[in-house]
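Summary of structural features
Read off the chains here:
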Amino acid sequence: MRMNRRSFLQLATLAGGGMALRLYHLPTLDAQEKLPELTPQAFVHIAPDGITTIMARASESGQGMRNMLPMLIAEELDVDWKNVRVQQADLDESRYGRQFSGGSMNTPLGWDPMRRVGAAARQLLVATAAEQWNLPVSACTTAHGHVLHKATGRSASYGELASSAASRKAPPLDNVTLKDPSEYRIIGHSTQGVDIPAITTGKPLFGIDVELPGMLYASIQKAPVFAGKVKNANLDEIRKMPGIRHVFVIEGTIRPAAFTPWEPGIEPGIAIVADTWWQAQTARTQLKVDWDLGPAASQSSEGFRQRAKELLAEPPGNTVRTYGNVESSLHTAAKVVQATYEYPFIAHMTMEAQGATAHWKNGRMEMWSTSTQPENGRELVAQTLGIDKSAITTHMIRSGGSFGRRLQNDYLVEAAWIAKRVDAPVKLLWSREDDISHDGLRPGGTMGLMGGLDARGRLTHWRQHFITFGENHHLASGGGIGSDSYPAGFVPAYALYTSAQPLMLRTGALRAPGDNAYCWVAQSFLDEMAFAAGRDPLEFQLELLSNQRVPWTVGQPDAVGDHEPTGPSVLVPERFKGVLQLVAEKSGWATRKKQPGRGMGIAAWFCHLGYFAEVADVSVDKDNNVTVHNVWAAGDIGSQIINPRAAENMVQGGIMDGMSALGQEITLANGRIEQSNFHNHPILRMRQTPKIEVFWNRTHYPPTGLGEPSLPPVLPAVTNAIFAATGRRIRTLPLQRSGFNWA
Amino acid sequence: MLFKLKINQRIETVDVSPDTPLLWVLRDVLHLVGTKYGCGMGVCGACTVHLGDQAIRSCSIPVSALGDQPITTIEGLAEAERHPVQLAWESLDVPQCGYCQAGQIMSATALLHHTPHPTVEDIDAAMSGNLCRCGTYTRIREAIQHAASLGHTAAAHKTAHGE
Ligand code: FES
Ligand code: FES
């Protein structure tokens with residue numbers, strides 16, 4: 001069962017509506033998972049002039065997947081990167097294997113097969129040349145897109161060999177020879193993002209840029225409350241407005257309930273289709289709608305907070321994991337610290353708002369999708385519209401950011417739904433306000449913590465009661481934690497309990513889901529415990545990581561909600577310690593100055609198979625305005641940093657993203673989301689950007705991904721630094737709720 | 001209503017309602033989609049273009065308020081060769097998702113036009129109206145400094161040839 005629960009993206013549960021988003025599994029694929037046999041012919045096309053086109057199979061929303069995966073192929077193919085052209089593949093998982101980007105999984109899942117695809121292509125070219133030359137394959141080598149026979153000085157370009165090589169049968173991928181890493185000429189060498197010239201010159205590139213002949217533009221007015229339905233509206237008046245072609249009521253399929261599943265269905269609303277988007281938007285302002293708001297209108301942040309308080313005082317609803325008799329032994333600890341941590345809902349706010357383009361013609365649906373989970377999108381469209389999956393073509397278009405948002409496909413289903421009713425291609429675009437009020441939010445949460453120390457100041461107990469949302473064991477998406485998440489397993493006595501309250505609201509994965517909240521809680525409370533013990537937080541944590549681990553046992557739940565196990569079952573303590581020690585060294589942790597109003601904080605985390613430790617250097621002025629001056633980050637994502645310059649950019653971005661999250665909050669009143677745009681759900685600006693230095697701890701583990709793991713530690717690094725500067729512990733986010741502001 | 005606009009050195013005539021923001025005239029009428037929609041209320045900078053030699057937010061200015069000043073968009077920034085700012089962006093590999101970058105580049109070129117050798121404070125002040133959700137600010141700062149040095153070299157080169 002456990003093998004099965006960990007299987008990659010369990011789409012089987014989709015039909016039940018309760019899709020468990022198990023993106024974050026171990027790097028080795030489950031034995032029983034059936035993947036198509038990949039062929040070099042699917043991925044590599046070499047023209048007679050040697051120009052090599054490599055198909056990028058994953059979606060691109062800024063993590064550099066259009067470079068990283070093709071680089072792996074090009075390396076083993078042994079061509080020069082300057083002769084490579086990257087082309088985005090359409091969705092066809094039978095040809096390309098998994099085509100999704102999430103959970104920082106493209107590197108661990110692509111590292112082996114993509115290199116093997118390149119090596120297999122190379123092998124075909126060598127076999128072709130050897131046959132033509134009547135020489136044994138073993139006598140031939142390759143370099144720079146040529147097959148060579150050193151002894152005779154013979155050389156043939158890949159371009160000459162390609163067409164006959166392509167007709168040969170490809171060797172089985174597990175049967176190819178891979179380069180020794182010392183021979184790498186592409187992996188580990190920075191390549192420029194393949195779309196960068198198009199970006200800097202403003203070429204059409206993003207989902208919002210798709211244009212088709214005769215295309216119409218769509219906008220949807222939804223209820224101010226989740227799943228509210230249309231009772232009546234002045235649709236006839238709207239139809240008469242300039243440029244308006246169609247106006248429809250979308251009945252919707254969502255049923256508000258205590259647990260809102262990952263893809264809850266299509267939201268009700270009014271679709272307006274016009275000649276231009278501005279006309280559709282203008283018409284929207286004249287809409288007069290009588291809404292049936294439904295039960296979600298009773299929800300409020302204040303209500304959630306009250307209920308969380310009550311639940312915290314009650315016996316927990318569910319015991320996830322206990323060991324070491326926490327309840328009976330906590331009172332024997334030399335010192336007990338108790339604290340409640342609280343963090344808010346936050347929104348994704350991708351720079352490009354959600355949208356998609358679709359065209360229904362002759363019984364076929366063609367879609368231009370920015371989804372990072374496009375196959376899931378295709379299935380949802382087929383299911384919602386009652387059409388056959390095979391009648392759907394999906395083009396994968398670059399998006400202006402995902403951060404987990406585009407793992408959900410609601411906007412895609414809407415575009416297809418509208419297109420099916422319109423005799424033209426339709427581009428649906430959400431406004432920024434739509435994007436916030438219909439986001440799949442990162443759920444807020446409350447954690448009641450008790451920690452125990454022994455007489456020597458060692459951490460002995462960790463008891464946590466997690467108040468989240470949902471019903472029974474169905475917990476809100478994107479808000480889970482691993483029941484073996486650090487420091488579970490390292491603390492001698494441990495308990496994790498959960499209680500849930502109903503939530504009628506879409507939630508989902510936000511960059512480093514679960515970890516983006518729990519790392520802040522755990523690494524803040526560890527800092528508190530170290531302080532209570534009168535010890536340095538680094539030394540305190542290094543000691544904890546040296547403890548004999550309490551093993552995870554089969555049958556114990558490995559995660560809460562849709563989180564993936566991240567703890568002792570996969571965490572390597574030496575790697576965790578390695579990044580902590582490196583960041584301490586680079587930041588001058590041991591010799592840091594202690595002065596009022598300025599302080600340094602340290603934190604580390606393991607998630608999505610990557611290890612990061614970060615130190616923040618922060619000052620706080622007399623009005624409690626916070627400035628982050630420096631951040632040092634040390635990462636361990638294995639043996640190779642595949643595209644170093646892009647990798648550094650990604651880490652710096654993760655840090656900015658995590659810092660922004662410290663100041664963000666989505667609140668509800670009468671079921672309505674109160675934030676509407678960047679001015680009241682801000683992201684940090686250039687003047688607030690610290691100096692960020694990135695360091696790598698290379699280890700001998702296979703390379704893993706970088707989209708997520710740099711983000712979580714910066715939140716507690718900054719709040720721990722605020723504590724060092726002011727003596728005030730931040731236990732409630734956003735910062736404003738604890739009396740601080742960004743300078 | 002008909003409006004005559006001078007965009008990227010060309011005269012364009014568009015028939016739109018007078019309250020249509022320049023952004024949507026560019027994108028949906030003239031099909032110049034390099035200029036991006038981010039917030040629609042002047043707080044993100046994704047829609048930045050030049051009106052004359054000033055960086056403005058095209059989402060917040062209706063077509064009727066443009067007058068006869070020339071407009072430059074990302075597509076018109078460099079006619080023959082890339083602008084030093086574009087070159088710097090490329091050589092430093094600035095973008096992540098890239099969505100904000102046209103706006104960033106338009107703000108940066110306006111900054112360098114008025115202040116060819118900006119200090120870090122000048123850069124932060126001029127660029128803080130442009131959000132980058134991916135957090136590429138560190139690279140953007142470096143690229144502007146790099147472009148300032150490129151621009152300087154290019155200008156010096158030109159003068160040397162001119163004389
Ligand atoms: S779209 Fe104009 S400033 Fe944001
Ligand atoms: S590069 Fe993605 S928003 Fe700036």
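Residues numbered from 1 in each chain as written. Chains lettered and ligands numbered in written order. Predicted model: local features only at pLDDT ≥ 70, side-chain atom pairs only at ≥ 80, totals over all residues. Heavy atoms only, no water.

1. A short note on the overall build of chain A
Each helix and strand in chain A was counted, giving 19 helices and 30 strands. The C-alpha radius of gyration of chain A comes to 27 Å, within 12% of the 27 Å expected for a compact globule of 743 residues. In terms of its C-alpha atoms, chain A occupies a principal-axis envelope of roughly 80 × 75 × 50 Å. As displayed, chain A has an accessible area near 26,000 Å², and 50% of this comes from carbon and sulfur atoms. Across chain A, the 72 positively charged side chains and the 71 negatively charged ones have centroids separated by 2 Å. (Helix = DSSP H or I, 4+ residues; strand = E, 2+ residues; numbered from the N terminus. Rg over C-alpha atoms; globule rule 2.2 N^0.38 Å. Areas by Shrake-Rupley, 256 points an atom, 1.4 Å probe, with all protein chains shown as cover. Lys, Arg positive; Asp, Glu negative; His and termini not counted. Charge placed at Lys NZ, Arg CZ, Asp CG, Glu CD.)

2. Details of the overall build of chain B
Within chain B, the regular secondary structure consists of 5 helices and 5 strands. Over its C-alpha atoms chain B spans a radius of gyration of 16 Å, differing by no more than 12% from the 15 Å that the globule rule assigns to 163 residues. For chain B, the proportion of its 163 residues judged to be buried stands at 57%. Put simply, 56% of the contacts in chain B that link residues at least 6 apart link residues at least 24 apart. For chain B, the separation between the mean place of its 11 positive charges and that of its 16 negative charges on side chains is 4 Å. (Buried < 20%, exposed > 50% of the residue type's maximum accessible area, 1.4 Å probe, protein only. Contact = heavy atoms within 4.5 Å.)

3. Considering empty space enclosed by the protein
Residue and element names in this part refer to chain A. One pass over the full model with this rule turns up 15 cavities of 30 Å³ or more. As a volume, the largest cavity reaches approximately 560 Å³. Surrounding the largest cavity, 37 residues form its lining, Gln63, Met65, Met650, Leu706 and Gly707 being those nearest its centre. The dominant element in the lining of the largest cavity, judged by the number of residues it contributes, is helix α18 (residues 644-661), at 3 residues. Of the residues contributing to the lining of the largest cavity, the split by class is 16 nonpolar, 19 polar and 2 charged. (1 Å grid on protein atoms, 1.4 Å probe; cavity = no way out; pocket = protein on both sides within 12 Å on 5 of 7 lines; lining within 4 Å. Points joined across faces, edges and corners; volume = space filled by probe spheres on them. Nonpolar A, V, L, I, M, F, W, Y, C, P; charged D, E, K, R; others polar.)

4. Brief notes about the pattern of salt bridges
Residues and elements named next belong to chain A. Summed over the entire model, instances satisfying the criterion amount to 49 salt bridges over all chains. Of the charged contacts in the structure, one is a salt bridge between lysine 179 and aspartate 78, with a shortest N-O distance of 3.1 Å. Separated by 101 residues along the polypeptide, lysine 179 in the loop between α6 (158-166) and α7 (196-201) and aspartate 78 in the loop between α3 (65-77) and β3 (84-88) bring together distant segments of the chain. Under the relative-accessibility criterion, lysine 179 is labelled buried at 14%. A relative accessible area of 7% places aspartate 78 in the buried class. In this structure, arginine 98 and glutamate 93 form a salt bridge, with 3.8 Å as the shortest nitrogen-oxygen distance. (Salt bridge = Lys/Arg side-chain N within 4 Å of Asp/Glu carboxyl O.)

5. Some thoughts on the domain arrangement of chain A
Residues and elements named next belong to chain A. Assigned domains of chain A: these are domain 1 (35-189), domain 2 (215-295 + 354-429) and domain 3 (301-346 + 441-742). With centres defined by C-alpha atoms, the gap from domain 2 to domain 3 works out at 36 Å. Taken together, the contact pairs 21 residues of domain 2 with 21 residues of domain 3. For the domain 2 and domain 3 pair, buried surface summed over both sides reaches about 1,600 Å², with 57% attributable to carbon and sulfur atoms. If you sort the residues of domain 2 by the area they bury against domain 3, Ala258, Phe259 and Phe403 come out on top, with a joint share of 36%. (Domains from an automatic or database assignment. Buried area = accessible area lost by both parts, 1.4 Å probe.)

6. Digging into the packing of aromatic side chains
In this description, an aromatic ring pair is defined by two values, namely the gap between the centres and the angle between the planes. Residue and element names in this part refer to chain A. Within the structure shown, the criterion is met by 23 aromatic pairs over all chains. Here the aromatic rings of tyrosine 486 and tryptophan 605 are separated by 6.3 Å at their centres, their planes lie at 75 degrees, and the arrangement is edge-to-face. Separated by 119 residues along the polypeptide, tyrosine 486 in the loop between β21 (481-482) and β22 (493-501) and tryptophan 605 in strand β24 (residues 598-607) bring together distant segments of the chain. With respect to class, tyrosine 486 is no different from tryptophan 605; both count as buried. Summarising the aromatic geometry, the rings of phenylalanine 612 and tryptophan 696 are spaced 6.2 Å apart at their centres and angled 75 degrees between planes, so their arrangement reads as edge-to-face. Residue phenylalanine 612 is found in strand β25 (residues 610-620), and its partner tryptophan 696 is found in strand β29 (residues 691-696); the two are separated by 84 residues along the sequence. Residue phenylalanine 612 is classed as buried on the basis of its relative accessible area, which comes to 0%. On the accessibility criterion, tryptophan 696 (22% relative accessible area) is partly exposed. Every member of this aromatic cluster is reached through a ring pair, and the members are Tyr486, Phe490, Tyr518, Phe576, Trp605, Phe606 and Tyr611. (Phe/Tyr/Trp six-rings, centres within 6.5 Å; stacked < 30°, edge-to-face > 60°.)

7. Side note on the nonpolar core
Residues and elements named next belong to chain A. Residues Trp462 and Val718 are the most contacted members of the largest nonpolar core, which totals 164 residues. It is helix α15 (residues 515-532) that contributes the most residues to this core, 10 residues altogether. Excluding residues that lie within four positions of it along the chain, tryptophan 462 makes contacts with Val326, Leu449, Met450, Pro487, Val491, Ala493, Tyr494, Ala495, Tyr518, Ala522, Phe525 and Leu526. Judged by nonpolar contacts, the second largest core, of 47 residues, contains Ala58, Val79, Val117 and Ala120. (Core = buried A, V, L, I, M, F, W, Y, C linked by side-chain atoms within 4.5 Å.)

8. Observations regarding helix α9 (residues 277-285) of chain A
Every α-helix carries 3.6 residues per turn, so stepping three or four residues along brings you back to the same face. Within α9 of chain A the residues assigned to the buried category are Trp277, Ala280, Gln281, Ala283 and Arg284 of chain A. Buried residues of α9 of chain A, seen end-on, are gathered within an arc of 160 degrees and therefore sit on one face of the element. (Arc of directions from axis to C-beta.)

9. A few points about the packing of helix α5 (residues 106-133) of chain A against α6 of chain A
Residue and element names in this part refer to chain A. The geometry of α5 relative to α6 is characterised by a closest axis approach of 9 Å and an angle of 95 degrees between their N-to-C directions. By the angle between their directions, the pair α5 and α6 is classed as roughly perpendicular. Of the residues in α6, those touching α5 at Arg122, Leu124, Leu125, Thr128, Ala129 and Gln132 are Tyr158, Leu161, Ala162, Ser164 and Ala165. Class assignment of the residues belonging to the contact of α5 with α6 gives a composition of 7 nonpolar, 3 polar and 1 charged. (Axes fitted to C-alpha atoms, helices over the stretch in contact; angles between N-to-C directions. Parallel < 35°, antiparallel > 145°, perpendicular 65-115°, else oblique.)

10. Observations concerning the interface of chain A and chain B
Chain A puts 56 residues into the contact, and the matching count from chain B is 52 residues. Both sides of the chain A and chain B interface together cover about 4,600 Å² of buried area, and 57% of this is carbon and sulfur. Among the residues chain A hides against chain B, the three largest losses belong to Trp278, Met351 and Met686 of chain A. Together they make up 18% of the total. Remark: the boundary between chain A and chain B carries 4 salt bridges. Residue aspartate 209 of chain A is joined to lysine 36 of chain B by a salt bridge in which the shortest nitrogen-to-oxygen separation is 3.0 Å. Remark: the boundary between chain A and chain B carries 29 residue pairs in polar contact (both at pLDDT 80 or more). It is α18 of chain A that provides the largest number of residues to the side of chain A that touches chain B, a total of 8 residues. (Polar contact = N/O pair within 3.5 Å; in protein donor to acceptor, adjacent residues only side chain to side chain.)

11. Digging into the domain arrangement of chain B
Residues and elements named next belong to chain B. Structurally, chain B comprises domain 1 (2-76) and domain 2 (84-158). Between the C-alpha centres of domain 1 and domain 2 the distance comes to 21 Å. On the domain 2 side, the residues contacting the 17 residues of domain 1 number 14 residues. Interface area for domain 1 against domain 2, summed over the two sides, is near 1,200 Å², with a carbon-plus-sulfur share of 57%. Of all residues in domain 1, His50, Asp53 and Ile74 give up the largest surface area on contact with domain 2, accounting jointly for 37% of the area buried on that side. Here domain 1 is connected to domain 2 by 0 salt bridges.

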